[in-house]
Each structure stands twice: as structure tokens, then as C-alpha cells.
Amino acid sequence: MGLLLKLIVASMGIFLAVYFYTGQDDFNPEMLRGKRVIVTGASSGIGEQMAYHLARMGAHVVITARTEEKLKKVVSKCLELGAASARYIPGSMDDMAFAERVVKEAEKSLGGLDFLILNHIGHTYFNYFDGNVDHVRKLLEINLLSYATMTVTALPTLKESGGSIIVVSSVAGKIGVPFTVPYSTTKFALDGFFGSLRQEFHFQKTNVSITLGVLSYIDTDSAKNIVAEVINQPAAPKEECALALIKGGALRQREVYYQYQATKIPLLLRDWAPGFLDYLLRKNYNVEKIGKP
């Protein structure tokens, strides 16, 4: 049964890759040259790597995160890599006034905006849900409401430039995975907010694209520290993930699945065989490594 399942998954992966990735090679790094970009959560992990890719492509980059010293180092490296310009704005996204200020300051310094990349997340735990609803509320402020605030603030300028929004989410925002109740709640909310907004853009003929990144387990330091001993799958490289997101946004794709087989195939099983998907998900965890509920 194990071998049969692997063959089915591999065959589905090949078919889906051919079907969904048509046109991916149309990406050219020159698409980003001179573009004005905000990247949130850019002091480490995927956000940091996106800033470096954008710098190599000659973009104007404004980054933000909580830790100023880390941001300084990222900006310095961006300039070394060839960014047209690079600056940072430190602060916390639990403050909606700060989220709004980042956009306004970036627009003022850059003379406009072409890409809004929303990547930041609030701190949470990887364990059985502890019943703390206040924590869920606080996480929603950072992981959802600040995204909405920045989008609303940036929208007039993005409409002028025919720009793009890249929203970094997770397979946990499409499928209810264990030990992530607060995090998964916020990622599902992102899908609803930006999915509905995308539909309204179509009716309003708004020339702003929304790309949702549906990510699997990525080898960021924070992710590895939390789940490395619990999940039975290798972590995907953050550098490659960051580039996939930028490509998807530049090509104005609806969604980016990374890594593809670890995200798209589970989503198909969710609709076709949800019970079987639940079984596979549970087999993927070393539950004995999780603390007591």
C-alpha cells in the first residue's frame, strides 16, 4: 500500500506540475528592476530572502520588522547585492497605526509603490490548543488585520501603478493541521479576506493582482526550532521559496504552491478523500514529542 500511494502521489505530481506550471518560464528578473517594493517580516527567514532576491534584481526595497539591528544588516546586504535603494522601518504590526505608517513612508520615499509583500507573523505556539481565545484575537490583529490595514492604505497607489500584492500564507490556511489552532485560524482568514477582495477587484476592473503563497514546511530558523522533531518531512529551502513567491507575484498568478507536492496534492485530497488526508496528516507527526494537552 505504501508503494502504491507513493506512485499515485508521484503521478499526480507530474500531471499537476505540467498542467499548472505552464507559463512559469515567462519570468524575467528584469520585471523587478526599478520596482518599488515593501517587504514585511524581512529581518529573517523568507522575508529576508525575498529582500535579497529583489536587491539582486535591482528593485527599490523598503523592509520592516520588529528588530532594528537585524534590519540594518539586511539593508546593508541589499545594497551590496545591487538594490536600487534600500531602507528599513522598525516596529510591531500589532499597532495598526504603525502598519499604516509603513506604507505611507514607503510611498513618500519611493514616489509610489509597485509591490506590497505581506509576510510578517506574530509569535505563537506549536502544541495542543490551550483554550486561550485572547491569544487568537491578538494573533488575528497581527496576522490578518495589519495585512488588511496595509492593503487598504496602499491600494490607491497600487491602482495607479497597476501593482501587485503578495500574501504569504500556508497550507495550514487551507487544511486544518494539528497543533496550530491560533496560527491556522489566522491563515484561513487571510484566504477569505484576499480571496473575496480579488473577486471584487474583477468586478471593479481594478488592475491590482493578489497572489496568495500556500507554503509547506520551510527551513526558516523559527520553523525548525519549533517543529523539527515533530514533523516527518524535510524542510524546503527558504531561498527557493522566496524566489517562487516573487516570480508568482511578478507573473500575477492567483496562488503559488511551494513546495508543490506538499501543498497542492493535499488540497486535492481534501476535496476528494478528506478522511484519507486526515489519516496521512496524523501519520506525519511524532505526537510523543508534543507536550501534554
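The structure this text deals with has already been given above.
What you see is a predicted model, and the numbers here were worked out from it, not measured in a lab. (Residues numbered from 1 in each chain as written. Predicted model: local features only at pLDDT ≥ 70, side-chain atom pairs only at ≥ 80, totals over all residues. Heavy atoms only, no water.)

### With respect to the nonpolar core
If you look at the biggest cluster of nonpolar residues, it comprises 51 residues, and the most contacted ones within it are I38, L116, M150, I165, V167 and F194. Setting aside residues no more than four positions away along its own chain, M150 makes contact with I38, T40, M93, A99, V102, V103, L116, L118 and H120. Core analysis: the next-biggest nonpolar cluster, separate from the first, contains 36 residues, A55, A250, V256 and Y258 among them. (Core = buried A, V, L, I, M, F, W, Y, C linked by side-chain atoms within 4.5 Å. Buried < 20%, exposed > 50% of the residue type's maximum accessible area, 1.4 Å probe, protein only. Contact = heavy atoms within 4.5 Å.)

### Quick notes on a nonpolar patch on the surface
A contiguous nonpolar patch, built from F129, V133 and V181 and spanning about 250 Å² of accessible area, is present on the exposed surface. Mapped onto the fold, F129 is located in the loop between β4 (115–118) and α5 (133–161). (Patch = residues over 30% accessible without salt bridge, like charges linked within 9 Å, V, L, I, M, F, W, Y side chains within 5 Å. Areas by Shrake-Rupley, 256 points an atom, 1.4 Å probe, with all protein chains shown as cover. Salt bridge = Lys/Arg side-chain N within 4 Å of Asp/Glu carboxyl O. Helix = DSSP H or I, 4+ residues; strand = E, 2+ residues; numbered from the N terminus.)

### A closer look at the packing of helix α2 (residues 45–56) against helix α3 (residues 68–81)
In contact at an axis separation of 8 Å, α2 and α3 are set at 25° when each is read in the N-to-C sense. Judged by the inter-axis angle, α2 sits roughly parallel to α3. Considering only the axes of α2 and α3, their crossing is right-handed. Across from E48, A51, Y52, A55 and R56 in α2, the residues of α3 making contact are V74, K77, C78 and L81. Partitioned by chemical class, the residues of the contact of α2 with α3 number six nonpolar, no polar and three charged. (Axes fitted to C-alpha atoms, helices over the stretch in contact; angles between N-to-C directions. Parallel < 35°, antiparallel > 145°, perpendicular 65-115°, else oblique. Left-handed = near helix turned anticlockwise from the far one by under 90°. Nonpolar A, V, L, I, M, F, W, Y, C, P; charged D, E, K, R; others polar.)

### Brief notes about the pattern of salt bridges
Under the counting rule described, the total for this entry stands at 14 salt bridges. Across the salt bridge formed by K138 and D94, the nearest N and O atoms sit 3.8 Å from each other. Highlighted residues: K138 in helix α5 and D94 in the loop between β3 (85–90) and α4 (96–110), separated in sequence by 44 residues. A residue is classified by how much of its surface remains accessible, and D94, at 31% relative accessible area, is partly exposed. Note that E255 is salt-bridged to R254, the shortest N-O span being 3.6 Å. Each member of the salt-bridge network shares a partner with another, and the members are D94, R137, K138 and E141.

### Concerning the sheet that holds β4
Spatially, the seven strands line up as an open sheet ordered β3-β2-β1-β4-β5-β6-β7, and their pairing is parallel. Both edges of this open sheet fall to β3 and β7 (255–258), since each of them pairs with a single strand only. Averaged over all neighbouring strand pairs, the angle between strand axes comes to 15°, with direction disregarded. Note: strand β6 (residues 209–215) against β7, four bridges, orientation parallel. By the bridge assignment, G213 is partnered in β7 with V256. This element, helix α9 (residues 260–272), spans β6 and β7 of the sheet and lies at about 115° to β7. (Pairing = 2+ DSSP bridges.)

### Considerations on the state of the cysteines
In this structure the tally under the stated criterion is zero disulfides. Here C78 stays unpaired: no disulfide links it, and the sulfur of C241, its closest cysteine neighbor, is 17 Å away. Exposure remark for C78: the relative accessible area of 1% places this residue in the buried category. (Disulfide = S-S within 2.5 Å.)

### A word on the environment of H120
Mapped onto the elements of the fold, H120 is located in the loop between β4 and α5. As for H120 and I46, which are separated by 74 residues in sequence, their C-alpha atoms are 9.5 Å apart. Residue contacts for H120: discarding those within four places in its chain leaves T40, G41, M93, I142, N143, S146, Y147 and M150. Reaching out from H120, the side chain makes a polar contact with the side chain of T40 at a distance of 2.8 Å. A polar contact of 3.2 Å, which involves the side chain of H120, links it to the backbone oxygen of I142. (Polar contact = N/O pair within 3.5 Å; in protein donor to acceptor, adjacent residues only side chain to side chain.)

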